[in-house]
Amino acid sequence: MASIHLASSITHAMDDPEFSREMRYFDGRLKIGAYGEETVAEFHDGKLAQVAVEDTPDADCKIIIRGTAELWDNLLARYPVPFYQCLQTCNIKHGLEMSTTNETYAYLPALNRLVQILRADKNEGS
Amino acid sequence: MSTVKRDPITGGYIYLTVEDIEYRVYYEEAGQGIPLLLGHTAGSDGRQYRHLMCDEEVTRNFRCIAYDLPYHGKSLPPYGHKWWAQEYNMTRARMMAFPNTLSDALDLERPVYLGSSMGGHLAIDLAHDFPERYRATIAVEGALRSATEYVDVGMDGIRREFDNPNVSRNSIGAAMLLNMSPYSPEEAVREVQWEYMCGGPGIFAGDLYYYYYEHDMTPDQAAEIDTDQCMLYLLTGEYDPNTSPAETQAVADRVKGSEFTAMPKLGHFPATENYPEFRQHLLPVLNKIAAGAAHR
């Protein structure tokens, strides 16, 4: 399966009314590790300031999600098999790393929407 | 005369005393015939059964009664009791007392109990502890115990995620995605999430005290369930990570005479997240119960 371009997808996600609303007031960095890269998106008061593949320490990120290529392939399948249906089932059943900060819980609506967007991006035309 | 679209559901309030506290409890009714008590999931309310209560194939033989547990839906916390001064935690005894007390108050004759999630666990507890009260119970997403990975989180971890002043209730709704099937219609998934976003503070987390800890039936206790006295039906969705079909099968293996149906492509909230699919599995169960009543 093709991998995804996270920086482009996150930039594109800011045009999505649900994702951009659910990211409101977020100040800090969201780091996503997938397919051998770590993409860091920095937000100021809910606005995306920058997003890039970069080596930012975990301690400087408020939300961290990290998983193997196989795990992301399963999560982003058009119809995931049990129990890859969302970030949290991948976390508790399959070892996806997810931070446990207040921000991780508070911005779960946005993170779930981002997965929907990534899933659509990945499966578009397939 | 204009044609107005209405659901055939009526609602009302009843006062129930449980553990020496008087509660004003909201419940809704639809249909006629065999009483069918409907117990909602943790942190939600009886709205979850709105599709079932509008299903004429159900309501022509069953008097459906969906109740909101106190602190849920339209059942307020008990007036005159300092509920705000203590942490809410649901216990096994209280979970069983509400349908029992409601059944007595409504003069129901050996009703059927159907519950989902914590209500599914309760269906198993009721069949074990009160077989004389119920002609059958239907456990939707029930098990001997919830999945170990979730139990191991502990109440501190549960409250950190679901009862945290830094986190809005929106996140509880979002978290329910973990329980649902990718095949369920998005509008139904969003409705489940909405209902979870509407709950009272700390109530979902407190319900999980029963769901993860107080409900803990041993295999030997399960084997004590007498299905000749109270039939136990089990229905579990393929995508439920809290009580997977394998975990429900463990109940069926121990309860002689019970009937288990695994439901492909359904999750933890089948009655709400995809009712048209769920009813394909539910109606055969209800038809058996109705046929049994007709032969008595």
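Shown above is the structure to which this text applies.
Everything quoted here is computed from the prediction, not taken from an experiment.

Here's the deal with the overall build of chain A
Here is step 1: The secondary structure content of chain A amounts to 6 helices and 5 strands.
Here is step 2: Listed N to C, the secondary structure of chain A is α-α-β-β-β-β-α-α-β-α-α in terms of helices and strands.
Here is step 3: A buried classification covers 52% of the 126 residues belonging to chain A.
Here is step 4: Pairs at least 24 apart in sequence give 61% of the contacts found in chain A among residues at least 6 apart.
Here is step 5: As presented, chain A carries roughly 5,700 Å² of accessible surface, and 48% of it is formed by carbon and sulfur atoms.
Here is step 6: Across chain A, the mean location of the 12 positive side-chain charges is 6 Å away from that of the 19 negative side-chain charges.

Quick look at the sheet that holds strand β4 (residues 62–67) of chain B
Residues and elements named next belong to chain B.
Here is step 1: Spatial ordering of the open sheet is given by β1-β2-β4-β3-β5-β6-β7-β8, a layout of 8 strands whose pairing is mixed. Edge positions in the open sheet fall to β1 (10–18) and β8 (259–263), since each of these has one partner strand only. Neighbouring strand axes in the sheet, compared pairwise and without regard to direction, differ in orientation by 20° on average.
Here is step 2: Of the pairings in the sheet, the one linking strand β3 (residues 34–39) to strand β5 (residues 112–116) comprises 4 bridges and is parallel in character. Looking across to β5, one finds that Leu37 is bridged to Tyr113.
Here is step 3: Sitting on the sheet, helix α2 (residues 92–105) touches β1, β2 (21–30), β3, β4 and β5, and the angle it makes with β1 is about 115°.
Here is step 4: Each of β3, β4, β5, β6 (136–140) and β7 (231–237) is contacted by helix α3 (residues 118–129), which is oriented at about 145° to β5, the strand it contacts most.

Considerations on the packing of α3(B) against helix α8 (residues 203–214) of chain B
Residues and elements named next belong to chain B.
Here is step 1: Their axes nearest at 10 Å, the elements α3 and α8 cross at an angle of 45°. One finds that α3 runs oblique with respect to α8. Seen along the crossing, α3 lies across α8 with a hand that is left-handed. Taking contact as the criterion, the partners of Met118, His121, Leu122 and Asp125 in α3 are, on α8, Asp207, Tyr210 and Tyr211.
Here is step 2: Class assignment for the residues of the contact of α3 with α8 results in 4 nonpolar, 1 polar and 2 charged.

Concerning helix α5 (residues 154–162) of chain B
Here is step 1: Listed in full, the buried residues belonging to α5(B) are B:Gly154, B:Met155, B:Ile158, B:Arg159, B:Glu161 and B:Phe162.
Here is step 2: Residues of α5(B) that are buried make contact with α4 (87–94) and α5 (102–106) of chain A together with α4 (148–151), α6 (170–175) and α8 of chain B.

Focus on the packing of aromatic side chains
Here is step 1: Within the structure shown, the criterion is met by 17 aromatic pairs over all chains.
Here is step 2: Between A:Lys93 and the ring centre of A:Phe83, over which it is positioned, the NZ or CZ distance is 5.3 Å.

A short note on the environment of A:Glu42
All names here are of chain A.
Here is step 1: Mapped onto the fold, Glu42 is located in strand β2 (residues 37–44).
Here is step 2: Spatially, the C-alpha atom of Glu42 lies 9.0 Å from that of Ala52, the residues being 10 residues apart in sequence.
Here is step 3: In this view, Glu42 contacts Gly28, Arg29, Lys47, Leu48, Ala49 and Gln50; residues no more than four positions away in its chain are not counted.
Here is step 4: A distance of 3.0 Å separates a polar atom in the side chain of Glu42 from a polar atom in the side chain of His44.

Comments concerning the interface of chain B and chain A
Here is step 1: Between chain B and chain A, the residue contacts involve 26 residues of the former and 22 residues of the latter.
Here is step 2: Residue B:Arg190 pairs with A:Glu18 through a salt bridge whose shortest N-O separation is 2.7 Å.
Here is step 3: For the pair chain B and chain A, the interface holds 15 residue pairs in polar contact (both at pLDDT 80 or more).
Here is step 4: If one sorts the elements of the side of chain B that touches chain A by residue count, α6(B) sits on top with 4 residues.
Here is step 5: Here the residues of the side of chain B that touches chain A sort into 13 nonpolar, 6 polar and 7 charged.

A short note on the packing of α5(B) against α8(B)
Residues and elements named next belong to chain B.
Here is step 1: The N-to-C vectors of α5 and α8 enclose an angle of 150°; their axes lie 10 Å apart at closest approach. As far as their axial angle goes, α8 and α5 are roughly antiparallel. In the packing of α5 onto α8, the handedness of the crossing is right-handed. Only Phe204, Ala205, Gly206, Leu208, Tyr209, Tyr212 and Tyr213 of α8 make contact with α5, whose side of the interface consists of Gly154, Met155, Ile158, Arg159 and Phe162.
Here is step 2: The residue inventory of the contact of α5 with α8, partitioned by class, reads 9 nonpolar, 2 polar and 1 charged.

Criteria and cut-off values
- Once a new chain begins, its residue numbering starts again from 1 and follows that chain's sequence as written.
- Throughout, the order in which chains and ligands are written sets their labels, letters from A for the former and numbers from 1 for the latter.
- For this predicted model, a pLDDT threshold of at least 70 governs which residues receive local features, and a threshold of 80 or more governs which side-chain atom pairs are given and counted, while totals over whole chains, interfaces and linings are taken from all residues.
- Neither water nor hydrogens contribute to the side-chain values; these are computed over all heavy atoms in the structure.
- Helical segments are the DSSP runs of H or I of at least four residues, strand segments are the runs of E of at least two, and each set is numbered from the N terminus.
- Relative accessibility decides the category of a residue: with a 1.4 Å probe and only protein chains considered, values under 20% of the type maximum give buried, values over 50% give exposed, and everything between is partly exposed.
- Here a residue-residue contact requires only that any non-hydrogen atoms of the pair lie within 4.5 Å.
- What sets the accessible areas is the Shrake-Rupley method with a 1.4 Å probe; for residues, cover comes only from the shown protein chains.
- Counted as positive: Lys and Arg. Counted as negative: Asp and Glu, with His and the chain ends omitted from the count.
- For this purpose, a charge sits on NZ of Lys, CZ of Arg, CG of Asp or CD of Glu.
- In this description, strands pair whenever DSSP reports at least two bridges between them.
- Angles here are taken between N-to-C directions and fall from 0 to 180 degrees, while the axes themselves are lines fitted to C-alpha atoms, restricted in helices to the stretch in contact.
- To sort the angles, those under 35 degrees are grouped as roughly parallel, those over 145 as roughly antiparallel, those from 65 to 115 as roughly perpendicular, and the leftovers as oblique.
- For a crossing to be left-handed, the near helix must be turned anticlockwise from the far one by less than a right angle; the clockwise case is right-handed.
- Gly is placed with the polar residues, together with every amino acid not listed as nonpolar (Ala, Val, Leu, Ile, Met, Phe, Trp, Tyr, Cys and Pro) or charged (Asp, Glu, Lys and Arg).
- A pair of aromatic rings is counted whenever rings of Phe, Tyr or Trp (Trp by its six-membered ring) have centres within 6.5 Å, and the orientation is called stacked for planes under 30 degrees apart, edge-to-face for over 60 and tilted otherwise.
- Criterion for a charge above a ring: Arg CZ or Lys NZ at most 6 Å from the ring centre, at most 35 degrees from the ring normal.
- Counted as a polar contact is a pair of N or O atoms within 3.5 Å, where, for protein atoms, one must be capable of donating a hydrogen and the other of accepting one, and residues adjacent in sequence contribute only when both atoms are in side chains.
- By salt bridge we mean one thing: a side-chain nitrogen of Lys or Arg within 4 Å of a carboxyl oxygen of Asp or Glu.

These values are about where atoms sit, not about what they do.
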